[in-house]
Every structure is written in structure tokens, then in C-alpha cells.
Amino acid sequence: MPIRFRLSLICGASLAVLAAATMPAVADTATDAAADTATDAAADVSSSFVESVTVTAQKRAQNPIEVPMALTAYSGDFLQKIDVQELDKLSLFVPGFEVQNQSPNNPGLVMRGLNLDSGEAAQEPRVSVFEDDVSIATTRATYIELFDIDRIEVARGPQTTLFGRSALMGGVNIIQNKAKLDGLAYGGSFEFGDSNYHMIDGFVNVPLTDTMAVRLAGRYKARDGYVEDLNNPNRAYNSVDTGAVRLALNWKPSEAFSADLIANFEQDRPTGTAFKSGTFLPTNSNGTIIGSLDHNSGATLTDSLAGFEGGKNVGLNRRVWDVKALTSYKLNDAFSLNNTTAYRRFDSLEVFDPDGFYQPMLQAAEDERGDQFSHETRLNYNSGGRLSAFAGVSYFYSNVSQRVPMQFDEHMLLALVTGYGSLLQSQPSSFFSSSTFTAGYAPAMVQGITYSTVYSKYYAALQPTYGATVAAAQAKAAATAYVTANATSLNAVAAGLKSNHWEQSINYGKTKSIDLYGDVTYKLFENFELNAGARYTNDDKQTAYAGTVADSSFLGMFLKGASNPTGYGIIGQPTTGNGDKIAQNFSDNGLSWRFSARYALADTTSVYATYARGRRPKVLSAASPLTPYSAPVFKESPAEEVDSYEIGAKTAAFDNTLRIDTAFYFYDYTNFQSTQLQNQQFVTFNAGKAEAYGFEGTIDWALTDWADFFGTVAATRARFVGASLFKGNQFRLNPDVKFSLGGSLRHAIFGGTLNFVPTYTWQSKIYFDDNNDIASEQNNLVADTKQDEFQNPYGLVNLRLSYQLDNAPWSASVFVTNVLDQKFIKDAGNSGDNLGIPTFISGEPRFFGASFTFKTH
């Protein structure tokens, strides 16, 4: 069936291209004027959705049809029409692109199977997000509010040649509206809805002189959480509380020179993410069950712990700000010089309950912060002849730290790891500090797990020689003797357990990088061109680690099989001096490239073929020391490389009322970098070989003057192959099939236009980890034997109805998202999976609301 499906798509795409090739040529050149006209029309709800957007993915203004790569571009006005305000909503309408919004602090970005979501400071991204060509790929600062946007370009496939180190599998370039000299303009919108939803945004553009203009834009958005705290009716998790502001200045003293200064600030303060347990039912403080295991129902989390991070509640406080300067100088008719300088800083503190249920067994936080500086100088050449080219040099500096404090109740954790997890469900929290537990259950649990460990060790050694019966008898005798002889020390372990053991790890990553790059396009004939580009990257990097414990953990010592409790942690061990920062330097360099050929069948139709080599720099991970007060474990993963082969076709037919893009690709990965648990910490490792192949298509069709249709489809098969630990597994967060459909139905009524916009998005089954939740491929502290960390296929329906008076600058709308109230999860496993109790994050339920928008040009 998959083969027949793909063949039918190939045939359909080929017929579309051939049909378009026979159409008369349509003048649709990529001029700024044409793009501005399309953008202005798109701001009117009565206008067609089919638009022409000028793109700059190849560092020059082009019609997307002229770009030999899979590229999706949407104007800011189109995104407003389909109610896209965040990256996860954008991904629904871009083939081959997935965004998991666990929280603004922890998104997962996936491009054609490859993902970016690790918060590890030394980690290198595969998929990058850019603001005006400036990388903002650090995971904890990537997810930003989309407001006052000129356009968004999503380039799929290896783009390290064009965009640099962080675009192994693609890049998302958010081009913000700049200050403009062409007159006063202002606009805004107000939205409100259920769950106390309210959003207000706006902009104002003011020319100060004939050569200088200023633009101010902002947004504030809030919504109550949709996961109820069953112990606190006044609090709910997974809320929204975001404020963002932007100031832009433009100075254009002549037609040859232009400078833009842009400053952004955003703060997010939601109530936090509900990591809901799939093992323990929600209870109140008395241990009474008050909820269900339904992933999409209310939860009872440990909202705060006295003394942990100052008693802060579960929630996020993230601040991101940046400032950038963009200059463009036209040296003459052929050469132009562009400079981009940027500084970016972020800090985020997220407190969360990793175990996902009421008992205060484990509380954790992530405090990540960093800054980056970048500068790029690029020289472009285009005289209007056969040759166009650009070359440049860039410098990048990044300094990031990730602090992870944790607090454990060792009594509760002992019950879990010894198989008495049912007590966590049936007993109130006070039970675990009572003498019934500390003097009764705890010693028995310690002796019991010791007995089992010794028994298993002896049985495994004796059984091959003496057989099962003899081995069992001798192992039983040995285990009994060991427990009896060590009863005093084992009871000391039980007596030494604490209800508030605290430990902390900090990992650091510092990068200094210099890139040299160039790209040349040459027209052999008027309708046939060749392109070649290359980028050389040289990195000087440092990875560091520091571990601290507030007190020695008897349970940590016991689980590690040690006899001296001094300094032991449960998850991580302290570094020398109980917190010394220990660093290791390393360097890396490499080359990436691309070659492409494009043939124009007509002015509005082209086919292309591309071969590209993408490269992700090598990574040096740092993990906890194996023993207390020693050096961390550094592990190097070699550079990840991907060879990409892609063919595609693009057309605009029937007087630009039908636009179709198709692409077929095959990827071959070497040294695929994944993550796994080692010594109870997630570290990067080399997962070996992997392959991916697939098809992507988009269509925009103005059927009549009152009806438009748009759609996307992606069919991807991405799997680990060869001797990989994950051989045969599906890439995490990557559906094999995904599609979206939408339309715009307009009707003139009451002196205006009524516009109905329905959209439907669907995706196939996804897994939330590269190990596909297979027990034998996990190294959890407590085994997780149930394979349930996936999301089955599902679809979402959204509806929007707008009305605008003829020639009026305002419009009013009502909207419903997730109309059918489809239940789904956004993530599964998480930190709780290490304890054998995976947690689940609910997707958004149905919401509804209304909006009012006005805009002047």
C-alpha cells in the first residue's frame, strides 16, 4: 500500500507539472512591488488566499519557483487569516515540519524526521530558527511569539551551506516587519474567549524624517490552564501568559544604503506543564482517589516544596531579549554589501513535578541561561547577467549553562524501587515519615532488595554449571547468609533515609565559531541554471560540568552497591570539592556543500535536482562522575553527517490561480546523534546509521472569485538502520504521514464580505523517543515494561468566520479550535520514565473565542 500511495502522488505531481508547462507563460517575476501588492491584498478578508511571496532563502530576492529547494513561505497576513500565532500552529501547515510545544521553554522542532529539543548546554541543534537571518537555535530561547511578521520561510533539507551550523536538516526564518518610510500606519487586534482567554496586540509605524522611521509592536496573551489541579480549584496547569514587545528603527539616507536596528523582548510566565502520571491515580492529601489516569483529565501534582527553589510553585519564568543591526549597502549596479550584528540573552527557570502525582517523591527545576553574539558580512554579486553569487564570513559566540536541582523523599523512592509502589497510591504522605514505615517497612525493603540482588548474582553464576535446581538452592542460601551477616549495616541504610535529599548538576557549553562560505549560480542557458555552494566551519568549544549534594544519600549509596555513604547522590554524584566546575576543551572543523540544477519549463514552472551534504558538529557531553568527589565523565560523539538527494517541481498555472510544489528526497545519515540514559543522566551518543525518504507537496488554488483551497502533504519513512542500537525504530516525534487541508469561502452580504475558513490537519502515529519505548533499549533506574509512550493517528478541525465591510479597515471574527474536542497527548515518558513511571502531557482541548482587527496602510 505505501508504494502504490507514493506512485499515485508521483503521477499526480507529474501531470500537474506537464499541464502547467503547456499553459501560456505568465509574467510573475519576483519583484518587491508584486510581493507588496500580494501582501496588501492578503490583509483583506475578502481577498484570495493564493499569494505570491518574495523570498530570500538564497540571500537574494526571488520568486519561490526560482529556488531549487523545498521551501514553504507564508506572508504575515496569511498567517493571521489562519490564526497562526506560534510555531507549533505554523508546523501544521508546513509539510515535513513538526513542532511539539511542551512549553515555551521546552519545544521540540522536527524537520523531515530530525529533531531539536535537548536543553543540554553543549548540544548542537539540527533544526534552526532564525530572526532576520540571525540564529536563535538555543532550545530554551527558540520558541517565540509570532506577531507583526512580514513573512516566514521554511527551507527543508540540509541548509548548513546557506544558514550555517544549526541547519543540518532545515531552517525557519522569521522575517519581522521593519520600520518603513512610506507613511504613518497602525493596526491591532483584540481577542477574547473561554478559559479567560484574552489577547491584545498592535503596531504603529511613524516616519520621523524623510530618511528615518520607527516602528513599535507588541502583544500580550493569556489563557487559564486546561489541566485542572484537582486539589486547588483556583489553579490549572498548561496556561498561557506571554508578553512581547519590539522596537524597530530604519535609517535610509540614500537609495544605496539602508540600516535597521531591531530590539525584541519577551517574557513567559505560565503556570507550568502538567506532567501527569500514567501509573498513579490523582489523590488528595489523605490518599483518597479523586481523579482518573486519563491523560487529558485533571492532575494532582506536588505544586511546591518548602525550601526547594525558594518554595516556588510549578511554573515557568522565561525572559528572552535581543538586539540586532542590519545594514545593506549597494556598492554599484552589481555588488552589494550586507552586515548583520546581533546580541541575544535569555534566562529561564522552570519548576516541575517529574513524577506526575501528588506524593512529594521528586521535585525538580531547570534553570538555563545564556548569551550569544554573532556577526556576518556578506558580499553579493548580481549584474543581471548569467552569473550571480555571494560570499561571506561569520563569527558566532555562545555561552550557555543548565542548572538542574532535584529534591527526593528517599522513603518514597525506596518503596518505588523495591516494588512497593502501591503504598504511594494507598497511603498519605505522612505515612512515609511515620515509625510504621521507617522502623518497619524500610528495613524490610532494604533487606529484601539486597536479598534479590545477591540471589540473582549467584544464580546467574551457578546455573550454567549446576542447573536450575542446585543453583536456586545455593543462591538462596548465599543470599540469606549475606543479609543475616549484614543486617546491622542494612538497617543503618534504612535509618539514614531522608525526606528531603537535595542534589544538583550544572552543565556548561561554550562555543566560538568562524564560518567561511560562498555560493554561485550560473545560467548555462536562459532556462537552465546550475548552483554550487560550500561552507567551512571551525569551532573552538568547551564543555564543563559541576555536581553538588547537600547531604549524603544512603539510598544513592545502596543503589550504587557502595559501602561508604559519604557524598553519594541518587541521580548524580558530586564533582571534586562538592561542586567544582571541571571543563574540557576541544575543537572541530568541517565542510558542507550543495549542488543543484534547475530547468524552467516555462516562466512559471521549473523542475530541480539537488545533492547536499549537511554536517552537525561533534559534541562533547559531560555526565556525572561515577563516584563522589571525582571528575565528570566526558564522552565525544563524532560529527553527524547527512547526504541528501532531492528532486522537485514547482508551478504557478491558470494565471497564477493554482500553485503546486512537490519534492521527493532520500537521506543517508552517518553518526546519528541520539540521547540515552547513562548513570541516570541523559547524554548524547552515536546511534549509528539512519535513512529517510519521502514526498512533500503543497497546493494553493483559487477555484473561483469566492472560494480558495490550500493543502499540504508529507509522507516520510525515517528509520535507524545497520548496526544501530535503535535499528528499525521510527524517529521520535516524526509521523510517517501528515497532511493539512483548508479553504476560504467568501460571500458578499450586508455591504461587506463574510469569509468562512475551515482547516483540518492530520498526522499518523508518532513515538516520543528514539527507543520507541522498547524496554530492552532503555537504561532506566526502574524498568518500564509497558509500551505506551506514543500518540496514535489523530486530526484537528479549526473553524474561523470573519466579516468585513467593503473598504473598511477593520474586521470581526469568531473562531473555534479543535472543534471536535479531539483528545491527544503532546509528549510521553519524560523524566518519570527513568523511574518506571512515565508521565504524559495533554494536548489542547476545544477553545472558542472572538476577535476584532483593524489596520491602516
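Residues numbered from 1 in each chain as written. Predicted model: local features only at pLDDT ≥ 70, side-chain atom pairs only at ≥ 80, totals over all residues. Heavy atoms only, no water.

(A) Structural view of the overall build of the protein. If you tally the helices and strands in the protein, you get 11 helices and 41 strands. Relative to the compact-globule value of 29 Å for 857 residues, the protein shows a C-alpha radius of gyration of 29 Å, a close match. Once the C-alpha set of the protein is aligned to its principal axes, its extents read approximately 90 × 55 × 55 Å. Of the contacts made within the protein by residues no fewer than 6 positions apart, 69% connect residues no fewer than 24 positions apart. (Helix = DSSP H or I, 4+ residues; strand = E, 2+ residues; numbered from the N terminus. Rg over C-alpha atoms; globule rule 2.2 N^0.38 Å. Contact = heavy atoms within 4.5 Å.)

(B) Structural view of helix H8 (residues 435-485). Compared with an ideal rise of 1.5 Å per residue, which puts 51 residues at 75 Å, H8 spans 24 Å between its outermost C-alpha atoms and falls more than 12% short. When the local axis directions of H8 are compared, the greatest deviation, roughly 135°, occurs at Gly467. (Expected span 1.5 Å × (residues − 1). Bend = angle between axes of the 7 residues up to and from the residue.)

(C) A look at the environment of Gly440. For Gly440, the location among the structural elements is in helix H8. Under the relative-accessibility criterion, Gly440 is labelled partly exposed at 37%. (Buried < 20%, exposed > 50% of the residue type's maximum accessible area, 1.4 Å probe, protein only.)

(D) Just the pattern of salt bridges, in detail. Tallied over the full model, the rule gives 43 salt bridges. Here Arg112 and Glu646 are joined by a salt bridge, their closest N and O atoms 2.9 Å apart. With Arg112 in the loop between strand S3 (107-111) and strand S4 (114-116) and Glu646 in strand S27 (residues 640-653), the pair connects residues that are 534 residues apart, well separated along the chain. For the salt bridge of Asp132 with Lys178, the shortest nitrogen-to-oxygen distance reads 2.7 Å. Pair noted here: Asp132 is in the loop between strand S5 (127-131) and strand S6 (134-135) and Lys178 is in the loop between strand S8 (170-176) and strand S9 (185-193), with a separation of 46 residues, a long-range link. The pair Asp132 / Lys178 is uniform in exposure class, with both members buried. (Salt bridge = Lys/Arg side-chain N within 4 Å of Asp/Glu carboxyl O.)

(E) Expanded view of the sheet that holds strand S39 (residues 825-829). Spatially, the 3 strands line up as an open sheet ordered S16-S40-S39, and their pairing is antiparallel. Strand pairing shows two members of the sheet lacking a second neighbour, strand S16 (276-277) and S39, which therefore form its edges. In terms of strand pairing, S39 meets strand S40 (residues 839-842) through 4 bridges, oriented antiparallel. Looking across to S40, one finds that Gly829 is bridged to Thr839. (Pairing = 2+ DSSP bridges.)

(F) How the structure looks around a nonpolar patch on the surface. A cluster of nonpolar side chains, Leu184, Tyr186, Val204, Leu216, Val245, Leu247, Phe265, Trp321, Phe852 and Phe854, forms an exposed patch at the surface whose accessible area comes to about 850 Å². Secondary structure elements with two or more residues in the nonpolar patch: strand S14 (240-251) and strand S41 (847-855). Turning to its location among the elements, Val204 is positioned in strand S10 (residues 197-207). Val204 sits in the partly exposed class, given a relative accessible area of 31%. (Patch = residues over 30% accessible without salt bridge, like charges linked within 9 Å, V, L, I, M, F, W, Y side chains within 5 Å. Areas by Shrake-Rupley, 256 points an atom, 1.4 Å probe, with all protein chains shown as cover.)

(G) Just the environment of Val633, in detail. Among the structural elements, Val633 can be located in strand S26 (residues 633-637). Classification of Val633 as partly exposed rests on a relative accessible area of 31%. Along the primary structure Val633 and Ala714 are separated by 81 residues, whereas in three dimensions their C-alpha atoms are 41 Å apart.

(H) Structural detail: helix H6 (residues 410-417). Most of H6 sits inside the fold, with 8 of its 8 residues counted as buried. Listing the buried residues of H6 in full gives Glu410, His411, Met412, Leu413, Leu414, Ala415, Leu416 and Val417. The inward-facing, buried residues of H6 contact strand S20 (387-408), helix H7 (422-426), H8, strand S21 (501-525) and helix H10 (554-560). Put simply, Asp409 is the residue that caps the front of H6, since its side-chain oxygen is 3.0 Å from the backbone nitrogen of His411. Of the residues flanking the end of H6, it is Gly419, one or two places downstream, whose phi is positive at about 90°. (Polar contact = N/O pair within 3.5 Å; in protein donor to acceptor, adjacent residues only side chain to side chain.)

(I) Representation of unusual backbone geometry. One non-glycine residue with positive phi stands out, namely Asp83, at about 60°. Here Asp83 lies in the loop between helix H3 (76-81) and helix H4 (87-91). The partly exposed category is assigned to Asp83, whose relative accessible area is 21%. Backbone geometry at Asn772 places phi at a positive 50°, although glycine is not the residue there. One can find Asn772 in the loop between strand S35 (766-767) and strand S36 (790-791).

(J) Layout of the side chain of Asp371. Along the chain, Asp371 turns up in strand S19 (residues 362-382). A relative accessible area of 19% places Asp371 in the buried class. Side chain to side chain, Asp371 and Tyr343 meet in a polar contact 3.2 Å long. Those residues within four positions of Asp371 in sequence are excluded, and the remaining contacts are Tyr343, Arg344, Arg345, Tyr397, Ser398 and Asn399.

(K) Up close: the sheet that holds strand S7 (residues 149-156). With mixed pairing, the 5 strands of this open sheet are ordered in space as S1-S7-S8-S5-S6. The two strands at the open ends of the sheet, each matched to only one other strand, are strand S1 (70-75) and S6. Note: S1 against S7, 6 bridges, orientation antiparallel. Bridge assignment links Ala70 to a residue of S7, and that residue is Arg156.

(L) Molecular detail of the pairing of strand S38 (residues 810-817). The pairing of strand S37 (residues 794-805) with S38 spans 5 bridges and is classified as antiparallel. Residue pairing across strands places Arg800 opposite Phe815, the latter belonging to S38. Here S37 folds back onto S38, and the loop between the two strands holds 4 residues, one of which, Asn807, carries a positive phi near 65°. Sheet analysis places S38 next to S41, joined by 8 bridges and oriented antiparallel. Residue Ser813 lies in a different strand from S41, and its bridge partner there is Ser851.

(M) Representation of the packing of H6 against H8 within the structure. Look at H6 against H8: their axes get within 10 Å of each other, and the N-to-C directions meet at 40°. Considering their axes alone, H6 and H8 lie oblique with respect to each other. The two elements H6 and H8 meet at a crossing, and its hand is left-handed. Of H8, the residues touching H6 (which contributes His411, Leu414, Ala415 and Val417) are Phe437, Thr438, Ala442, Met445, Val446 and Ile449. Taken together, the residues of the contact of H6 with H8 sort by class into 8 nonpolar, 2 polar and no charged. (Axes fitted to C-alpha atoms, helices over the stretch in contact; angles between N-to-C directions. Parallel < 35°, antiparallel > 145°, perpendicular 65-115°, else oblique. Left-handed = near helix turned anticlockwise from the far one by under 90°. Nonpolar A, V, L, I, M, F, W, Y, C, P; charged D, E, K, R; others polar.)

(N) Inspection of the packing of H8 against helix H9 (residues 487-495) at higher detail. Interhelical geometry of H8 versus H9 gives an angle of 130° and a closest axis separation of 5 Å. By the angle between their axes, H8 is oblique relative to H9. Of the two elements, H8 crosses H9, and the hand of that crossing is right-handed. On H9, the residues that touch Ala442, Pro443, Val446, Gln447, Thr450, Val483, Thr484 and Ala485 of H8 are Ala487, Leu490, Asn491, Val493 and Ala494.

(O) Looking closely at the pairing of strand S25 (residues 619-623). Summarising burial for S25: 5 of the 5 residues are buried, a large majority. Every second residue of S25 is oriented toward a common face, with Val619, Ser621 and Ala623 on one face and Leu620 and Ala622 on the other, all of them buried. Sheet topology note: the S25/S26 ladder contains 5 bridges and is antiparallel. Paired with Ser621 across the bridge in S26 is Lys635.

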